[in-house]
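Residue-level structural notes
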Amino acid sequence: MPEKTLIQGINDGLRTALTEDPSTLVLGEDVGKNGGVFRATEGLWEMFGDHRVIDTPLAEAGIVGAAIGMAINGLRPVAEIQFMGFIYPAFEQIVTHAARLRTRTQGQYPASLVIRAPYGGGIRAPELHSDSTESLFVHTPGLKVVVPSTPYDAKGLLLAAIQDPDPVIYLEPMKIYRSFRQDVPKGWFEVPIGKARKVQTGEDVTLITWGSMVSMAEKAAQTALDQGISCEVLDLRSLYPLDEEMIITSVKKTGRAVIIHEAPKTAGLGAELAARIHELAFLWMESPVERVTGYDVPVPMFALEDDFRPSLQRIDRAIHRVMTF
Amino acid sequence: MLQRMDRVDRQYILPEGELTDAGRNIWNEFSKEKKQAFYRWMVQVRSFDRRLVTLQRQGRSGTYAPMEGQEAAQVGCALALSKEDWIFPSYRELGIFMVAGMPLKQIILYWMGRVEGNVAPDGVRVLPPYVPIATQMPQAMGAAWAAKLKGERSVSVACFGDGATSEGDFHESLNFAGVFQLPVIFFCQNNHYAISVPFTRQSAVPTVAERASSYQIRGIRVDGNDVLAVYSAMEEAVVQARQGGGATLIEAVTYRLGNHTTADDATRYRDQLEEKEWISYRDPVVRLEMLLKSEGLLTEAEIQDWEEHCRDVVEQAVKEAESAAGLPPEHMFDHVYEELPSDLRRQREELSGKGKKHA
């Protein structure tokens, strides 16, 4: 099996879908000749041509609106928004139309499409390029939201998203686009949407996270283990639907949970996760749920981004708080 | 206002009910049945539109957006389309929906706040009303793009009003359509007001149609109360789109004779004289009626008969809609996702009273 980075996994997923499914096409800004600003679509334009890998005008609402129209008329568009921080012009098309078209037409037009967007910080990107506003989309009924954290999942989740009958927001943690390689099978395979990944098994605390925070959680788990604390690490992969079963089974076992995400704290997905744990596993809990998140401030320019993003030290402290409650 | 209106590229039936020379050439090619069909549709649309207003007044349906005065624009537009064509309408498109084949019962259900009213029968390619302004435009463009990529001959039509031309979606859609030469028709009914705000406040450019040149697409401004002018402009745009000639922006200049919605009072912002002039001088139905009468294709008795027939049809649809069984509350979960996630199943059970007491 070829070893690939996460972004190569995405590229492989797109290539596989374009090869296997003639109704699939890719559209967005700089996705064609340039191969995407991060090279996610590298080589696809040369391979599939101008009608399957389409450089569009610079217009996010136009891109997503066109993708919805294409889906209505039987295609499977994969739209790229260059950075999550630039998705807002398309917000109305996503929230008002993509998310609701199935309901509004009672299943007649399900808006089966994928919207890809790099998200999160940690790469010293220019101002306004580092948003993690996934909870805006998780909060919108009718959408599915997925985030891969490994090259294998990047491909498998993307193919599952393209195959999915519902609109899927596919968020790419750009911090780890190239941070490690992994064997990624050739051909079509899917990682089911709605299933979390148990990164490691543990007994004392459940660390719940996704995206580029997964490797951070693994490091924190290692530090904790050195101090005799055994952490179970869950990579949600699917932010909606949530794999409640894995989450609840895990926290019932450990009795403690620390949720880690880059997004600001208030009304971030951690709040929903804490509430669900409260609703479904309260009597099993040994301590209140802890959240380690971005602060409730606009994502700072990159000089301060490391102070904004959850750090190992903050995660360690949270683990100690739940252990000593 | 009316002077501006006179500067249209195309007017075939004059307000007095007389054909222009160019109009006569086209009109004479039509069969008697086709000529009558324009009229019959327009009368039926008006009859139904008025009924929907009274249903709201009687508390039997919700807020309604009447379109009286725009019958020629909507009937002329929709009659130029084929079954394979896609329609992306706004919320003030009763005539478009009716001609496209949306059953009256469905339309009433929609205004009664029932989602079943959004579902078009098989083979009727009309999307539900787009309530936010101009958002249907990029989707119509996208559907046209798909048709082009698949090598199909269908065209897409986005229907919108003059207010929509101020939205970014208007610009983005026309821009994409120009760049990719898409088979889409942007059909603007310029009824002069976006709720209360006059067109002069939407645009410093005096017409909608001339904005087409910014996108290298064709633009045409027609008398929107002249069904023949609208129909022929649409027909040309459809042919051009089907032949790979790209998009057209049609501006049909018209006037909404009633309020923005049943919750609006147009006397607060419109000049009474202006309204009167449109009603007494430019009514699209009266104009066509005069023409048909002068050609011996319509008698007073036939008018009475048809109006009565329309009322009967509408009453029958009202009866059907009002007696249609309502959906159970749990139905709101039925089409959110193809397969309901487990947390939504739990919420559905909670709604139906079958769930656990907590969570």
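Residues numbered from 1 in each chain as written. Chains lettered and ligands numbered in written order. Predicted model: local features only at pLDDT ≥ 70, side-chain atom pairs only at ≥ 80, totals over all residues. Heavy atoms only, no water.

**A few points about the interface of chain B and chain A**
Taken together, the contact between chain B and chain A spans 45 residues of the former and 47 residues of the latter. Summed over both partners, the interface of chain B with chain A buries about 3,700 Å², with 58% contributed by carbon and sulfur atoms. The largest share of the area that chain B buries against chain A comes from Gln139, His335 and Tyr337 of chain B, three residues that together contribute 18% of it. Taken together, chain B and chain A are joined by 3 salt bridges. The shortest N-O distance in the salt bridge between Asp343 of chain B and Arg276 of chain A comes to 2.9 Å. Across the contact surface, chain B and chain A share 18 residue pairs in polar contact (both at pLDDT 80 or more). Elements supplying a minimum of two residues to the side of chain B that touches chain A: β1 (86-88), α7 (136-150), α8 (168-180) and α13 (342-352) of chain B. Top contributing element to the side of chain B that touches chain A by residue count: α7 of chain B, with 10 residues. (Contact = heavy atoms within 4.5 Å. Buried area = accessible area lost by both parts, 1.4 Å probe. Salt bridge = Lys/Arg side-chain N within 4 Å of Asp/Glu carboxyl O. Polar contact = N/O pair within 3.5 Å; in protein donor to acceptor, adjacent residues only side chain to side chain. Helix = DSSP H or I, 4+ residues; strand = E, 2+ residues; numbered from the N terminus.)

**Observations regarding the environment of Gln8 of chain A**
Residues and elements named next belong to chain A. When you line up the elements, Gln8 lands in helix α1 (residues 6-20). Accessibility expressed as a relative area gives 31% for Gln8, which makes it partly exposed. Here the alpha-carbon distance between Gln8 and Tyr152, two residues 144 residues apart in the chain, equals 9.7 Å. Not counting residues within four places of it along the chain, the set of residues in contact with Gln8 comprises Glu3 and Arg181. Among the polar contacts listed, one links the side chain of Gln8 to the backbone nitrogen of Thr5, at a separation of 2.9 Å. (Buried < 20%, exposed > 50% of the residue type's maximum accessible area, 1.4 Å probe, protein only.)

**Section: the UniProt feature "domain: Transketolase-like pyrimidine-binding" (unreviewed entry) in chain A**
The UniProt record marks residues 4-179 of chain A with the feature "domain: Transketolase-like pyrimidine-binding" (unreviewed entry), using the residue numbering of this structure. Counted over residues 4-179 of chain A, helix gives 36% and strand 16%. Its end C-alpha atoms are 10 Å apart. (UniProt positions renumbered as here; feature names shortened; annotations may be inferred.)

**Structural notes on the pairing of strand β10 (residues 205-209) of chain A**
Residues and elements named next belong to chain A. Burial runs high along β10: 5 of the 5 residues are buried. What you see with β10 is no split at all: Val205, Leu207 and Thr209 on one side and Thr206 and Ile208 on the other are buried throughout. In terms of strand pairing, β10 meets strand β11 (residues 231-235) through 5 bridges, oriented parallel. Each residue of the ladder has a partner; that of Val205, found in β11, is Cys231. Once the chain exits β10 it traverses helix α8 (residues 213-226) before rejoining the sheet at β11, and the crossover so formed is right-handed. (Pairing = 2+ DSSP bridges. Right-handed = clockwise from strand over helix to strand, strands pointing away.)

**A look at the UniProt feature "domain: Dehydrogenase E1 component" (unreviewed entry) in chain B**
UniProt's feature table lists "domain: Dehydrogenase E1 component" (unreviewed entry) at residues 39-328 of chain B, given in the numbering used throughout. Summarising residues 39-328 of chain B: 46% helix, 11% strand, and an end-to-end C-alpha distance of 41 Å.

**Brief notes about the packing of aromatic side chains**
The description of an aromatic ring pair rests on the distance of the ring centres and on the angle between the ring planes. Inspection of every chain in the model, using the stated rule, returns 21 aromatic pairs over all chains. When the centroid spacing of 6.0 Å and the interplanar angle of 75° are considered together, the rings of Trp145 of chain B and Phe176 of chain B count as edge-to-face. Of the two residues, Trp145 of chain B is situated in helix α7 and Phe176 of chain B in helix α8; the sequence distance between them amounts to 31 residues. Clustering of aromatic rings is evident, with ring pairs tying together Phe38, Phe83, Phe86 and Tyr177 of chain A. Sitting over the ring of Trp284 of chain A, Lys252 of chain A keeps its end group 4.1 Å from the ring centre. (Phe/Tyr/Trp six-rings, centres within 6.5 Å; stacked < 30°, edge-to-face > 60°. Lys NZ or Arg CZ within 6 Å of the ring centre and 35° of its normal.)

**A short note on the domain arrangement of chain B**
According to the domain assignment, chain B contains domain 1 (2-326) and domain 2 (328-359). Just the C-alpha atoms count here: the centres of domain 1 of chain B and domain 2 of chain B sit 40 Å apart. (Domains from an automatic or database assignment.)

**Structural notes on the environment of Ile247 of chain A**
Residues and elements named next belong to chain A. In this fold, Ile247 is placed in helix α9 (residues 244-254). For the pair formed by Ile247 and Val258, sequence separation is 11 residues and the distance between their alpha carbons is 11 Å. Apart from residues lying up to four places away in sequence, Ile247 is in contact with Ile208, Leu234, Leu236, Leu242, Leu273 and Ile277.

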